[in-house]
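Secondary and tertiary structure notes
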Amino acid sequence: MAGGPLKANVYKCQLKAIDPADYAVAFTPQELAHLKAIFPTGVCDYTRRGVGYRRVVTWPSFGPSPDNLVFDVTNPDRGGGDDDRED
């Protein structure tokens, strides 16, 4: 995904409206209209976390160990719960 983070943990990005100021080139009105027709719902906003963000875990735990807990199969009500945490 062009412009995406090197971690490659964004599988579905948050979208934003196309802003010509985000690009190093100047678009003609026709080019901008064409770009908006190709991406009618917007383009990826890599300044925001991806949809359903989960942190990258090298050695994930699926329980009961709390170390690098992603999901505890022995207690489904207990999870990693780190969706709002920065890496």
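The coordinates are above.
The rules behind each value
Residues numbered from 1 in each chain as written. Predicted model: local features only at pLDDT ≥ 70, side-chain atom pairs only at ≥ 80, totals over all residues. Heavy atoms only, no water. Disulfide = S-S within 2.5 Å. Helix = DSSP H or I, 4+ residues; strand = E, 2+ residues; numbered from the N terminus. Buried < 20%, exposed > 50% of the residue type's maximum accessible area, 1.4 Å probe, protein only.

Let's talk about the state of the cysteines
- Inspection of every chain in the model, using the stated rule, returns one disulfide.
- In this model Cys 13 forms its disulfide with Cys 44; the gap between the sulfur atoms is 1.9 Å. The S-S bond linking Cys 13 to Cys 44 shows a torsion near -65°; that makes this disulfide left-handed. Of this pair, Cys 13 sits in the segment before β1 (15-16) while Cys 44 is found in strand β2 (residues 43-44), placing the two residues 31 residues apart along the sequence.
- Assessed through its relative accessible area of 12%, Cys 13 is described here as buried.

What about the environment of Trp 59?
- Mapped onto the elements, Trp 59 comes out in the segment after β2.
- Overall, the relative accessible area of 69% leaves Trp 59 in the exposed class.
- Spatially, the C-alpha atom of Trp 59 lies 9.7 Å from that of Val 70, the residues being eleven residues apart in sequence.

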